[in-house]
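Spelled out, the chains give:
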Amino acid sequence: MYTNIKGVQILISLLKQFNIRHIIISPGTRNTALAHSVENDSFFKCYSIVDERSAAFFALGIAETLDVPVCVTCTAATATCNYMPAVKQAYEKNIQLIALTADQDQYGMFHMEDQCIDQVDMYHGFVKKAVDVPMVKNERDYNYANRIMNEALLAVNHKSKGPVQINYRMSYGLDEISTFDVETLPTTRKIDRLSVDDISDSLVDTLEKKERILVVAGSGYDEKLKEKITEFSEKFNCMVFCDTFSNVSNSSSHHIFNPKITSQILKQTERENIKPDLIITFGNVFYSTIKYCLPSFKNDCETWQIAPDGNVIDGYNNLTKVFECTAFDFFSRLTGIAQGKNNGNYSRFWEDRLSKIKYPDGKFTNFDVIRIFCKSIPKNSILHTSVLDSIRISNYVDMDDSVECYANIGADGIDGAFSTFLGQADNDRLSYLMIGDLSFLYDLNSILLCNNSSVRILVINNYAGAEFHKNFGVERINTINEFVAAGHSNKIQQCVGLADFIYLYADDYDSFSKGLNVFNQKSDKPIIFEVFTDADTDAKTLKAFWEDNIIYSQKEQIIRNMADKLNLKKLKNIKMVSFVYKILKKLHII
């Protein structure tokens, strides 16, 4: 019989799946749930040693002799300190020692709680990995606990061998700790790390049985990768989502698409119809909002991640395999040994859905400015965008496949976009920066660094942080431009005198079109093109764009139309639609 404490169940299940059998147990209350559970499981070889210092060195001897990971487990507080000498020796000698340290409630630390010390990363500098596992109270806790324990156990022999610490919270009452009423241990998710050499015929067989494979490309740049991804997508029932910054788009392929506003417009019913059987991810950063849609599929599929460093990135809580290789090597290997099987059904659905996207028109907003500008960028240019709308909207629109795209999307901050762009700008080809007024002013000193005539800077000046108008708006905060959105009255034209730039400006379609004609030509000086829009109108246009592209059923649309006629707030909760529909029908309103 096993404990019913979820965190301990996860730990035991993973130890079994990683084939870690040897556990040296020192007595104590906090590790009782683990100790009694493993002693009841014939898989484990258990040893009892009271002195934790001796227990750890005993484990060290087994681990070194057999060259396998070995666990030591003890109760909370100073008992854990006794592992330090053996852990240090394991680190120096590359021995696979796993310290399983039970812990108390951190909230009581140093506030009259008995046997409660700071155990988090207590062997810092002596272990390859240390994780602090919370009490598992909900699904979010469960996913986190599962992931970090996988990471710790994977680290034991990744690239080099050595010790790790798994510190797990056991702030339970004595009855809970000593209850063993679970007959069958639940199997938790195990994450495997594989190399390119592990990609075999059996893996190809697995892929060929998948009806819907979704590849999600993150940011990066590798010209050779485009060909391999295209080949892979044509061999398997595959759809490739590549946002602007993945730099692998191929407009001639029927399997490779920019997901655009997918996450904002797909209702749950549509998501059910298009859920994948397998997700494969690669790249540095995923800016496309498709990443907010994919977690809804986690119970129906698994994720494989391609990561040259072998690190675990589990954004959708269903990662099962990490391939420690480049994306180019991964796709080359698979396409090289696969016969392929692709009926095209999966990509046809996406192609049809994305073809229905409607764009706003009629108002001179940052949306149309970005849309028109991106389509006008000459082939083989560089584009760097700053944060938020510059990145977001450039992901919603089309540009030539040959344009090489970058953005400061690692930390997604306002600072440094101008400076980073100048470091990337190429003397031999047009290099564009698309940036908002606040980001530009924040990094203004960079203007003094620029003497590259290939530089083109498009500044969209709406005199405020438009993101705050989108998030809140003047309807919710009537003084939004005072502090929240940092409203101002500055024109970038005032700054141009600091350096030798050509200055252009536009405030309507006609002046913008004329300005682009100059902006996209070669010149003997760098060019700044300042375009003026209104922050509030920009925000409302963006939200209307999302709303206009949601496909509602006839019933849902009737309710929404009625809500508009009755001057009611639109019904966003679709679960209420059927109920309201029945009432309106009964009242003969519809």
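The structure we're discussing is the one just above.
Let us look at the structure shown here. Source: prediction; values computed, not measured. (Residues numbered from 1 in each chain as written. Predicted model: local features only at pLDDT ≥ 70, side-chain atom pairs only at ≥ 80, totals over all residues. Heavy atoms only, no water.)

Let's shift gears to the overall build of the protein. Counting secondary structure elements, the protein contains 24 helices and 21 strands. Taken along the three principal axes of its C-alpha coordinates, the protein extends 85 × 70 × 60 Å. Looking at the 590 residues of the protein, the share that counts as buried comes to 54%. Taking the intrachain contacts of the protein between residues at least 6 apart in sequence as the baseline, contacts between residues at least 24 apart amount to 74%. Approximately 26,800 Å² of the protein is accessible, and the part contributed by carbon and sulfur atoms is 49%. A gap of 6 Å separates the mean positions of the 64 positive and 74 negative side-chain charges of the protein. (Helix = DSSP H or I, 4+ residues; strand = E, 2+ residues; numbered from the N terminus. Buried < 20%, exposed > 50% of the residue type's maximum accessible area, 1.4 Å probe, protein only. Contact = heavy atoms within 4.5 Å. Areas by Shrake-Rupley, 256 points an atom, 1.4 Å probe, with all protein chains shown as cover. Lys, Arg positive; Asp, Glu negative; His and termini not counted. Charge placed at Lys NZ, Arg CZ, Asp CG, Glu CD.)

Now for the side chain of Asn520. Within the secondary structure, Asn520 sits in the loop between helix H21 (509-519) and strand S21 (527-532). The exposure class of Asn520 is buried, given its relative accessible area of 13%. Within the structure, Asn520 has its side chain in polar contact with the side chain of Tyr432 (distance 2.7 Å). Each residue touching Asn520, except ones within four places of it in the same chain, is listed here: Ser376, Pro378, Leu430 and Tyr432. (Polar contact = N/O pair within 3.5 Å; in protein donor to acceptor, adjacent residues only side chain to side chain.)

Here the idea is simple: oppositely charged side chains can pair when their charged atoms come close. Considering all chains together, one arrives at 26 salt bridges under this definition. Ionic pairing is found between Lys525 and Asp500, a salt bridge with its closest N-O pair at 3.1 Å. With Lys525 in the loop between H21 and S21 and Asp500 in the loop between helix H20 (493-496) and strand S20 (502-506), this pair connects stretches of sequence that are 25 residues apart. Close ionic contact of Asp536 with Lys540 constitutes a salt bridge, the shortest N to O distance being 3.1 Å. Of this pair, Asp536 and Lys540 both sit in helix H22 (residues 535-548), four residues apart, which is roughly one turn of the helix. For Asp536, a relative accessible area of 16% corresponds to the buried category. Lys540 gets classed as partly exposed once you look at its relative accessible area, which sits at 42%. (Salt bridge = Lys/Arg side-chain N within 4 Å of Asp/Glu carboxyl O.)

Soluble globular proteins: nonpolar side chains tend toward being buried together. Counting residues in each nonpolar core, the largest one holds 57 residues, and the members touching the most others are Phe373, Leu383, Tyr396, Leu458, Phe512, Phe519 and Phe529. Counting residues per element, this core draws most heavily on helix H14 (residues 366-376), at five residues. Once you skip the residues sitting within four places of it in the chain, Phe529 turns out to touch Ile457, Leu458, Val459, Leu504, Tyr505, Ala506, Ser511, Phe512, Gly515, Leu516 and Phe519. Within the second largest apolar cluster, 46 residues are counted, among which are Leu11, Ile25, Leu100 and Ala145. (Core = buried A, V, L, I, M, F, W, Y, C linked by side-chain atoms within 4.5 Å.)

This structure, assessed with the given rule, holds 24 aromatic pairs. Taken together, a centroid distance of 6.1 Å and an interplanar angle of 65 degrees make the contact between Phe364 and Phe512 edge-to-face. With Phe364 in the loop between helix H13 (345-354) and H14 and Phe512 in helix H21, this pair connects stretches of sequence that are 148 residues apart. Residue classification places Phe364 among the buried residues on the basis of a relative accessible area of 17%. Here the aromatic residues Phe232, Phe236, Phe282, Trp304, Phe323, Phe330 and Phe331 are joined through ring pairs into a cluster of three or more. When the ring centre of Phe328 is taken as origin, the NZ or CZ atom of Lys224, which lies over that ring, is 4.9 Å away. One residue, Lys491, lies across the ring of Phe532, its end atom 5.7 Å from the ring centre. (Phe/Tyr/Trp six-rings, centres within 6.5 Å; stacked < 30°, edge-to-face > 60°. Lys NZ or Arg CZ within 6 Å of the ring centre and 35° of its normal.)

Spatially, the seven strands line up as an open sheet ordered S9-S15-S14-S13-S10-S11-S12, and their pairing is parallel. Single-partner strands in this sheet number two, and they are strand S9 (192-194) and strand S12 (256-257). In the sheet, strand S11 (residues 238-242) pairs with S12 via two bridges, with the strands oriented parallel. Of the residues in S12, the one forming a bridge with Val240 is Ile256. This element, H13, spans strand S10 (213-217), S11 and S12 of the sheet and lies at about 40 degrees to S11. (Pairing = 2+ DSSP bridges. Axes fitted to C-alpha atoms, helices over the stretch in contact; angles between N-to-C directions.)

Okay, the sheet that holds strand S4 (residues 70-74) next. A sheet is described by the order of its strands in space; here six strands give the open sequence S3-S2-S4-S5-S7-S6, paired in parallel fashion. Of all strands in the sheet, those with a lone pairing partner are strand S3 (45-48) and strand S6 (129-133), marking the two edges. Recorded for the sheet is a direction-independent mean angle of 20 degrees between the axes of neighbouring strands. Bridge count between S4 and strand S5 (residues 97-103): five bridges; the pairing is parallel. Residue pairing across strands places Cys74 opposite Thr101, the latter belonging to S5. Packing against the sheet, helix H1 (residues 6-17) makes contact with strand S2 (22-25), S4, S5 and strand S7 (164-169), and its axis sits at approximately 150 degrees to S7. Where helix H3 (residues 52-66) meets the sheet, its contacts fall on S2, S3, S4 and S5, and the angle it forms with S4 comes to roughly 170 degrees.

Moving on, we come to a nonpolar patch on the surface. Taken together, Phe468, Phe472 and Val484 make up a surface patch of nonpolar side chains, about 220 Å² in accessible area. Tracing the backbone shows Phe472 in the loop between helix H18 (466-471) and helix H19 (473-476). The exposure class assigned to Phe472 is partly exposed, which follows from its relative accessible area of 34%. (Patch = residues over 30% accessible without salt bridge, like charges linked within 9 Å, V, L, I, M, F, W, Y side chains within 5 Å.)

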